[in-house]
Amino acid sequence: MTRIDFRQVRKRYAPGLPLTIKDADIEIDSGEFCVFVGPSGCGKSTLLRMVAGLEDISEGELLIGGQRVNDLPPAKRGVAMVFQSYALYPHMTVAENMAFGLRTLGADKAAIERKVRAAAEILQLTPLLERLPKALSGGQRQRVAIGRAIVKEPRVFLFDEPLSNLDAALRVQTRLEIARLHKDLGSASMIYVTHDQVEAMTLADKIVLLHAGKLIEERGSVAQVGSPMTLYHRPASRFVAEFIGSPRMNVLPARLVGAEARHAQVEMLGQEVRVAADARHLPFGEKVLLGVRPEHLVVADEGEGAGLPVTLRHVERLGDASLLYVDAGAGLPTLTVRREGAATHAPGTPLTLRLLPEQLHLFDAREMACRRTVELPA
Ligand SMILES: Nc1ncnc2c1ncn2[C@@H]1O[C@H](COP(=O)(O)OP(=O)(O)OP(=O)(O)O)[C@@H](O)[C@H]1O
Ligand SMILES: [Mg+2]
């Protein structure tokens, strides 16, 4: 059983530089698929390389399987890492590439062959074992790189953006293969780094979303830890709300005018809007932010009554859905509305948007979320 615990971990690459990682407290359960996600430069690779033993830990503790590993050399940690660049040996066949690590450790020849065959079977590489890397597609090469990790039978798999060199279709296919691999390998824990929130949402049991830039100094590295649905439905802050979900959440300025246990009232553009959130800890009159995802903004049918009046500026048709970009008034950001099907409205059309209390998010002046009073979907 292999838990991984980061305890108050900090990283400063050199004296005088700001902290790259600040006060990271992360618990990864045995067998869990954990995804580290966040903007470029937020420290995802740094955290992963700390687990692999390729990067020193400046402060705090890292535990693998309950054992403090801060000073344990990489080879003794029972981890295997798969990088973005597959780094295969060009003059070796698929089988030789996969066997190479075990050979250098002096493993028994028959055992190596057995492990390579088993890994090839899992990754559907059996027919390709005698090929050279140059005769493989990008996706197949990445599978060989994964195979090289599997034959080591690690306690922990570490993936650093393994799919970013693949084209979109291959990325989806390989993503499914990695999900299947996690199921097949059962007890191995996985940490997977990506900046792609779709990969994070689809692969993770647990997402660790990391702050970047000055938010690291203000709030620490970890923005939120939770299941994909928790981050989507209960983002802890505006940063999380805007990172998870595509297109990103709309955020509008408002003012708190009422707060009960299950609902808050805010005033926005001269209208009173009800939000299913608990804002009783905030003072009346507080400047707040109202968040609503593009998929939760509903265009009212004609004559349907009250709502937010907006003007359509631009339409993008995606085939299955359309994105409407609308203006709500001077000084406000353009809002994005996602509608099923092909929108037929012309730019310039006035529309009314309905705001449903259960679909709204409320953030305080510090951009921290008020607790939503809607149930999480099962
Ligand atoms: N060896 C180093 N010396 C100094 N600073 C470094 C070093 N390696 C990384 N950094 C800095 O630490 C920060 C985090 O880098 P890291 O590579 O962990 O980010 P990342 O989240 O993996 O980003 P990306 O998504 O672009 O891969 C960056 O600001 C980077 O410039
Ligand atoms: Mg990186």
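Bear in mind that the values here come from a model prediction, so they are computed numbers and not experimental data.

Draft legend 1. Region of the structure containing the nonpolar core. In this structure, Val35, Met98, Val116, Ile146, Tyr192 and Leu209 are the most contacted members of the largest nonpolar core, which totals 49 residues. Filtering out sequence-adjacent residues up to four positions away, leucine 209 remains in contact with Val37, Gly38, Ser221, Val222, Ala223, Gln224, Leu231, Phe239, Val240, Phe243 and Ile244. In terms of nonpolar packing, the next biggest core, distinct from the first, is built from 31 residues, Leu252, Leu308, Val310 and Leu324 among them.

Draft legend 2. Main features of the sheet that holds strand S17 (residues 308-317). A sheet is described by the order of its strands in space; here five strands give the open sequence S16-S20-S17-S18-S19, paired in antiparallel fashion. In the strand order of this sheet, the two ends are held by strand S16 (298-299) and strand S19 (335-340), each with one partner. Examined bridge by bridge, S17 and strand S20 (residues 350-354) share four bridges and lie antiparallel to one another. Following the sheet pairing, valine 310 is matched in S20 by leucine 351.

Draft legend 3. The environment of glutamine 359, seen in detail. When you line up the elements, glutamine 359 lands in the loop between S20 and strand S21 (360-363). On the basis of relative accessible area, glutamine 359 is assigned to the partly exposed category, the value being 25%. With 13 residues separating them in the primary sequence, glutamine 359 and arginine 372 have C-alpha atoms 9.5 Å apart. Setting aside anything within four residues of it in sequence, one finds glutamine 359 in contact with Gly291, Val292, His296 and Arg372.

Draft legend 4. Region of interest: the side chain of histidine 296. Mapped onto the fold, histidine 296 is located in the loop between strand S15 (287-292) and S16. Exposure remark for histidine 296: the relative accessible area of 14% places this residue in the buried category.

Draft legend 5. Main features of the sheet that holds strand S8 (residues 189-194). Taken in spatial order, the six strands of this open sheet run S6-S7-S8-S3-S9-S10, and their pairing is mixed. Both outer strands of the open sheet, strand S6 (79-82) and strand S10 (222-226), are each paired with one neighbouring strand and no more. Across the sheet, the axes of successive neighbouring strands diverge by a mean angle of 15 degrees, strand direction being ignored. Contacts from helix H4 (residues 138-150) reach S6 and strand S7 (156-160) within the one sheet, and its direction differs from that of S6 by about 175 degrees. In this fold helix H5 (residues 168-185) packs onto strand S3 (33-37), S7 and S8, with an angle of close to 165 degrees to the strand it touches most, S8.

Draft legend 6. Region of the structure containing the site of ligand 1. Taken together, Tyr13, Thr20, Ser40, Gly41, Cys42, Gly43, Lys44, Ser45, Thr46 and Glu161 form the complete shell of residues around ligand 1. One nitrogen or oxygen atom from the side chain of lysine 44 is found 2.8 Å from an oxygen atom belonging to ligand 1. The side chain of threonine 46 places a nitrogen or oxygen atom 2.5 Å from an oxygen atom of ligand 1. Look at ligand 1: alone it shows 640 Å² of surface, and the protein chains cover 55% of it.

Draft legend 7. Expanded view of the side chain of glutamine 142. With respect to the secondary-structure elements, glutamine 142 resides in helix H4. Each residue touching glutamine 142, except ones within four places of it in the same chain, is listed here: Val82, Phe83, Gln84, Tyr86 and Pro162.

Draft legend 8. Local environment of the pattern of salt bridges. A full pass over the atoms with the stated rule returns 20 salt bridges. Taking the shortest distance from any N to any O, the salt bridge between glutamate 27 and arginine 3 comes out at 3.9 Å. Placement of the pair is glutamate 27 in strand S2 (residues 21-28) and arginine 3 in the segment before strand S1 (4-11), with a sequence separation of 24 residues. What you see here is one network of salt bridges that share partners, running through Arg3, Asp5, Glu27 and Asp29.

Draft legend 9. Focus on the packing of aromatic side chains. Counted according to the given criterion, the structure contains six aromatic pairs. Each ring, one from phenylalanine 159 and one from tyrosine 192, has its centre 5.7 Å from the other, and the planes form 45 degrees; the classification is tilted. One end of the pair, phenylalanine 159, is in strand S7; the other, tyrosine 192, is in strand S8, and 33 residues separate them in sequence. Each member of the pair phenylalanine 159 and tyrosine 192 is classed as buried. Aromatic side chains phenylalanine 239 and phenylalanine 243 sit 6.4 Å apart centroid to centroid with 25 degrees between the ring planes, which places their arrangement in the stacked category.

Draft legend 10. Molecular detail of the domain arrangement of the chain. In terms of domain boundaries, the chain breaks down into domain 1 (4-242) and domain 2 (250-372). The partner domain 2 presents twelve residues to the eleven residues of domain 1 that form the contact. Counting each side, the surface lost to burial between domain 1 and domain 2 is near 1,100 Å², with a carbon and sulfur contribution of 47%. When residues of domain 1 are sorted by the area they lose upon contact with domain 2, Arg219, Tyr232 and Arg238 head the list and together hold 53% of the total. Applying the counting rule to domain 1 against domain 2 returns one salt bridge. We note a salt bridge from glutamate 367 to arginine 238, for which the minimum N-O separation is 3.1 Å. For the interface between domain 1 and domain 2, the tally reads seven residue pairs in polar contact (both at pLDDT 80 or more).

Draft legend 11. Examining helix H3 (residues 109-122) more closely. Relative to the 20 Å expected for 14 residues at 1.5 Å per residue, H3 spans 20 Å between its end C-alpha atoms, a close match to the ideal helical length. Residues Ala111, Ile112, Val116, Ala119 and Ala120 constitute the buried set of H3. Taken end-on, H3 shows its buried residues confined to a sector of 165 degrees, consistent with a single buried face. Exposed and facing more than 90 degrees away from the buried side of H3 are Ala110, Arg114 and Glu121.

Draft legend 12. Just the packing of helix H2 (residues 94-104) against H3, in detail. Their axes nearest at 10 Å, the elements H2 and H3 cross at an angle of 135 degrees. When the axes of H2 and H3 are compared, the pair comes out oblique. Here H2 runs over H3; the crossing is right-handed. Residues Ala95, Met98, Ala99, Leu102 and Arg103 of H2 pack against Ile112, Lys115, Val116, Ala119 and Ala120 of H3. Tallied by class, the residues present in the contact of H2 with H3 amount to eight nonpolar, no polar and two charged.

What counts, and at which threshold
Residues numbered from 1 in each chain as written. Chains lettered and ligands numbered in written order. Predicted model: local features only at pLDDT ≥ 70, side-chain atom pairs only at ≥ 80, totals over all residues. Heavy atoms only, no water. Core = buried A, V, L, I, M, F, W, Y, C linked by side-chain atoms within 4.5 Å. Buried < 20%, exposed > 50% of the residue type's maximum accessible area, 1.4 Å probe, protein only. Contact = heavy atoms within 4.5 Å. Pairing = 2+ DSSP bridges. Helix = DSSP H or I, 4+ residues; strand = E, 2+ residues; numbered from the N terminus. Axes fitted to C-alpha atoms, helices over the stretch in contact; angles between N-to-C directions. Near = heavy atom within 4 Å. Polar contact = N/O pair within 3.5 Å; in protein donor to acceptor, adjacent residues only side chain to side chain. Areas by Shrake-Rupley, 256 points an atom, 1.4 Å probe, with all protein chains shown as cover. Salt bridge = Lys/Arg side-chain N within 4 Å of Asp/Glu carboxyl O. Phe/Tyr/Trp six-rings, centres within 6.5 Å; stacked < 30°, edge-to-face > 60°. Domains from an automatic or database assignment. Buried area = accessible area lost by both parts, 1.4 Å probe. Expected span 1.5 Å × (residues − 1). Arc of directions from axis to C-beta. Parallel < 35°, antiparallel > 145°, perpendicular 65-115°, else oblique. Left-handed = near helix turned anticlockwise from the far one by under 90°. Nonpolar A, V, L, I, M, F, W, Y, C, P; charged D, E, K, R; others polar.

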